[in-house]
Amino acid sequence: AVGAVAVRARGLGKRYRAKWALRECTFELPKGRVAALVGANGAGKTTLMSVLAGLLDADEGSAGAVGRVAFVPQEKPVYRHFTAADMLRLGARLNVVWDEERARRWLARFEVPLDRACGKLSGGGQAQVAFALAVGSRPDVLMLDEPLANLDPLARREVTAELLGEVAATGMTVLLSTHVVSELSGVADHLLLLAHGRLLAGGDLDELLARHVGYTGPRSDV
Ligand code: ATP
């Protein structure tokens, strides 16, 4: 059965002055899944997410997402002098839809102290504040730019487990970027492979592996 589509891009292109950062990107992301956007540094991952999230205008083609989109950039957007509690207040003020309990649950899960200035938290702690605000906005599509960078292996597993839990509970769609393919095992079931701004491959991870590598692992039996 063909499922619902959460994000669609048609011939998407974006340039910075004369330099094309993104070219002829056409793909769909199925709803309720976790998709990985993989590519080397400079491949265009941040540009693609920014265009999909509506933060940058495309120069060619079109893109659209169903429902509300949240985007967490790689540089985690927290105010140094704000505590996590202050950031929750900010989330309540700035978001059209705000689920305080969901945001607090995420912070509690990662033991982020509510009364400490974000500037005094570790990089991982700051990341959790940014993630908590994003899930608190109840997005239909959640885009995370390099969410696992700068997290230790345990935190990576916990963040991905939490994300998968949110996906299962709410049907939201996640697109996360990484240049470390080994981070994706057990996390993503859909892949967008980007090189020099072009989509080398896009689709169901198992299908892509079967088609290009002849791999039919245990995941395709379920
Ligand atoms: P990274 O993993 O390093 O963040 P990326 O895959 O996210 O890389 P982008 O940041 O989207 O890649 O950059 C794609 C290309 O566009 C790169 O060549 C980059 O130098 C260029 N680029 C990105 N932002 C700008 C900008 N504001 N002005 C000019 N060129 C830019």
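Okay, so let's go over this structure.

Parameters at a glance
- Residues numbered from 1 in each chain as written.
- Predicted model: local features only at pLDDT ≥ 70, side-chain atom pairs only at ≥ 80, totals over all residues.
- Heavy atoms only, no water.
- Near = heavy atom within 4 Å.
- Polar contact = N/O pair within 3.5 Å; in protein donor to acceptor, adjacent residues only side chain to side chain.
- Areas by Shrake-Rupley, 256 points an atom, 1.4 Å probe, with all protein chains shown as cover.
- Helix = DSSP H or I, 4+ residues; strand = E, 2+ residues; numbered from the N terminus.
- Buried < 20%, exposed > 50% of the residue type's maximum accessible area, 1.4 Å probe, protein only.
- Arc of directions from axis to C-beta.
- Contact = heavy atoms within 4.5 Å.
- Salt bridge = Lys/Arg side-chain N within 4 Å of Asp/Glu carboxyl O.

1. Considering the site of the ligand
In the region of the ligand, 13 residues are neighbours, and Gly-42, Gly-44, Lys-45, Thr-46 and Thr-47 sit closest. Contact between the ligand and Gly-44: an oxygen atom at 2.9 Å from a main-chain N or O atom of the residue. Between an oxygen atom of the ligand and a side-chain N or O atom of Thr-47, the distance comes to 2.6 Å. Considering the ligand on its own, with 630 Å² of exposed area, one finds that the protein chains cover 60% of that surface. For the shell around the ligand, the elements supplying multiple residues, two or more each, are strand E2 (19–30) and helix H1 (45–52).

2. A short note on helix H2 (residues 84–94)
Taken together, the buried positions of H2 are occupied by Ala-84, Met-87, Leu-88 and Gly-91. Buried residues along H2 cover an arc of 105 degrees about the axis, so they all sit on one side. In H2, the exposed positions angled more than 90 degrees off the buried face are occupied by Arg-89 and Arg-93. Of the surrounding secondary structure, the elements contacted by the buried residues of H2 are helix H3 (100–109) and helix H4 (123–136).

3. Quick notes on the pattern of salt bridges
Considering all chains together, one arrives at 13 salt bridges under this definition. Lys-14 serves as the salt-bridge partner of Asp-59, at 3.8 Å between the closest nitrogen and oxygen. With Asp-59 in the loop between H1 and strand E4 (60–65) and Lys-14 in strand E1 (residues 5–16), the pair connects residues that are 45 residues apart, well separated along the chain. Taking relative accessible area as the criterion, Asp-59 reaches 37% and is therefore assigned partly exposed. Accessibility expressed as a relative area gives 11% for Lys-14, which makes it buried.

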